[in-house]
Amino acid sequence: MSRVVVLGAGVSGHTAAAFTRSWLARGDEVVVVSPKPDYNWIPSNVWVGVGLMPREKVRFPLAPIYARAGIEFKQAAAVAIHPEGRESDPTPFVVVESTVPGKEGTREEVRYDFLINATGPKLNFGATEGLGPGGHTLSVCTDSHAEDTARHFLDSVERMKRGDRQRFLIGTGHGACTCQGAAFEYIVNLEFELRARGVRDRADVWWISNEYELGDFGMGGIHLKRGGYITPSKIFTESLFAERGIRWINRAHVTKVEPGKAHYETLDGQVRAADFDMAMLLPPFAGVGLKAFDKAGADITTSMFMPNGFMRVDADYTARPYEQWSARDWPKTYQSPAYRNVFAAGIAFAPPHPISRPRQTPSGAPVAPAPPRTGMPSAMIGKAVAHSVVDMIKGAPGPTRSASMAAMGAACVASAGSNPFTGTAAAMTVFPIVPDFERYPEYGRDMNQTFGEIGLAGHWIKILLHHLFIYKAHLYPGWRLIPE
Ligand SMILES: Cc1cc2nc3c(=O)[nH]c(=O)nc-3n(C[C@H](O)[C@H](O)[C@H](O)COP(=O)(O)OP(=O)(O)OC[C@H]3O[C@@H](n4cnc5c(N)ncnc54)[C@H](O)[C@@H]3O)c2cc1C
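In short, a report on the structure.

**Digging into the site of the ligand**
Inspection of the region around the ligand gives 31 residues, with Ser12, Ala78, Ile347, Arg373 and Gly375 positioned closest. With respect to the ligand, the backbone of Thr119 contributes an N or O atom lying 3.3 Å from an oxygen atom. Across the complex, the protein chains shield 88% of the 990 Å² of accessible surface that the ligand would expose by itself. Only helix H1 (11–23), strand S2 (29–34), strand S5 (72–82), helix H5 (180–196) and helix H8 (375–393) provide two or more residues apiece to the shell around the ligand. Grouping the amino acids of the shell around the ligand by side-chain chemistry returns 17 nonpolar, 11 polar and three charged.

**Some points on the pattern of salt bridges**
Pairing is possible between side chains of opposite charge, provided their charged atoms come close. Taken as a whole, this structure holds 32 salt bridges when the rule is applied. Taking the shortest distance from any N to any O, the salt bridge between Arg86 and Glu109 comes out at 2.5 Å. With Arg86 in the loop between S5 and strand S6 (93–98) and Glu109 in strand S7 (residues 107–111), this residue pair connects regions lying 23 residues apart in the sequence. Overall, Arg86 belongs to the partly exposed group, its relative accessible area being 37%. Classification of Glu109 by relative accessible area gives partly exposed; the value is 44%.

**What to know about empty space enclosed by the protein**
The full count for this structure, using the stated rule, is two cavities of 30 Å³ or more. In terms of residue class, the lining of the largest cavity is made up of eight nonpolar, two polar and one charged. Lining the second largest cavity we find Asn117, Thr119, Gly120, Gly287, Val288, Leu290, Phe305, Gly309, Phe310 and Ala348. Broken down by class, the residue content of the lining of the second largest cavity amounts to five nonpolar, five polar and no charged.

**Examining the layout of surface pockets**
One number sums up the size of the second largest pocket: a volume of about 640 Å³. Surrounding the second largest pocket, 34 residues form its lining, Gly220, Tyr322, Ile355, Pro435 and Phe437 being those nearest its centre. Tallied by class, residues from the lining of the second largest pocket come to 16 nonpolar, eight polar and 10 charged.

**Some points on the sheet that holds strand S18 (residues 278–282)**
Taken together, the four strands give an open sheet; going across it, the order is S14-S11-S10-S18, and neighbouring strands pair in parallel fashion. Looking along the sheet, the strands with just one partner apiece sit at the ends: strand S14 (247–249) and S18. Taking each pair of neighbouring strands and ignoring which way they run, the sheet shows an average axis angle of 15 degrees. By the bridge criterion, six bridges tie strand S10 (residues 166–172) to strand S11 (residues 203–208) in an arrangement that is parallel. Note that in S11 the partner of Gln166 across the bridge is Ala203.

Definitions and limits used
Residues numbered from 1 in each chain as written. Predicted model: local features only at pLDDT ≥ 70, side-chain atom pairs only at ≥ 80, totals over all residues. Heavy atoms only, no water. Near = heavy atom within 4 Å. Polar contact = N/O pair within 3.5 Å; in protein donor to acceptor, adjacent residues only side chain to side chain. Areas by Shrake-Rupley, 256 points an atom, 1.4 Å probe, with all protein chains shown as cover. Helix = DSSP H or I, 4+ residues; strand = E, 2+ residues; numbered from the N terminus. Nonpolar A, V, L, I, M, F, W, Y, C, P; charged D, E, K, R; others polar. Salt bridge = Lys/Arg side-chain N within 4 Å of Asp/Glu carboxyl O. Buried < 20%, exposed > 50% of the residue type's maximum accessible area, 1.4 Å probe, protein only. 1 Å grid on protein atoms, 1.4 Å probe; cavity = no way out; pocket = protein on both sides within 12 Å on 5 of 7 lines; lining within 4 Å. Points joined across faces, edges and corners; volume = space filled by probe spheres on them. Pairing = 2+ DSSP bridges. Axes fitted to C-alpha atoms, helices over the stretch in contact; angles between N-to-C directions.

This is the structure:
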């Protein structure tokens, strides 16, 4: 009998746990450890954050789903991995701390035969003074953040209806942020809602980001095929913003946020401030801070994790100049190089290097978008890792599946509005996610599989995906048929 422990019940961990359970024999155990009792379908937080969708539609309790699926659920946060067990007993284990009300902080050792770390990001608001819900800006990274953001947004709308002007600042709150796509989707939704609510003429809508050009998205930009033409994502995004009257500040590292004012430094050394009545700025991501110890109790965190807290896997982490980075540096199996029974999936794995060229301001601050690990690759990696783990339990000598982001495509649909008739969406597909200039010398990507369009059809896809993925996450009948 084998025991697979999955840390995290987000897109990647939930997918990995569900497939592992469905492919393993009943006598084998699957355990999920996650600090929140609910699943949150994060992409739809954007709609919650403009008051278009109640929070209840994007989250639901995990315990009944896992009980039905035969997965043990522990509502707890993992704090330390002991991949060699102890000198007295080599069984590996994870130390977890309960988050169940009334039992907070109670520690437990959870033993495993295979471990899948899918703990996602720490939302590192602390990297910028005054950033985040504890400070002076809002977020849509969690369903509760998004609900709070909606309250502020609707309050601003009421002020505008009474005749006030409001200034909105949306984007990234640090020079090392990732996930620009989520902030982009939020700003187009916000702008759409301002028009729908009849107050657009009283709003100034500003974008601020660490991207070198609009449409970089932490992917070094994209060349998209549109109506037979190749369009850089810079042009695509600039024209989308221009049409909507959204103004932008690029190449910016936000240094500090005060009430109503975000201070920033640009790549060319200008030190400025942007005023706002409401700001939704994403934080940079870090690993969740797991520690690791060997059998003697010595701290081996730095050998299992990179300095940013993400887990080392089968990537090539050799430090090299940007020009020498290759698509082949990216991990394939997500197995820890140190422990064959440990894997990291989704945002929890450490990318070998950024995709966009990293830059610095004259004062040394980063203007360096980190690579995105969006929902689709996170789920595909979770599934591939589950496959490898199950095969290894059944006797395979090593991982059997590969899911390199340099050999995988992704679809991204950034919608505005949630109404099936009045909404619109910018839909993009990209292949591969990590550009491969050896295979595709011109643009790094396959132009027959990298395209973008704006319109109602993409919006229908987004609505369909919302319902399909929430159905799938409930593990309702036929869930395996719904693609990642
Ligand atoms: C606002 C927003 C909109 C987005 N929109 C899109 C979109 O439209 N399309 C798209 O593809 N992607 C989108 N993304 C990205 C997508 O949400 C992520 O790629 C995806 O959630 C990553 O999955 P993950 O499982 O790695 O991390 P997460 O989904 O963040 O899951 C991490 C899990 O680990 C748990 N955890 C945390 N700490 C611990 C611990 N110590 N021990 C155990 N468990 C722990 C968390 O509670 C959570 O359950 C969006 C992201 C944001 C923020």
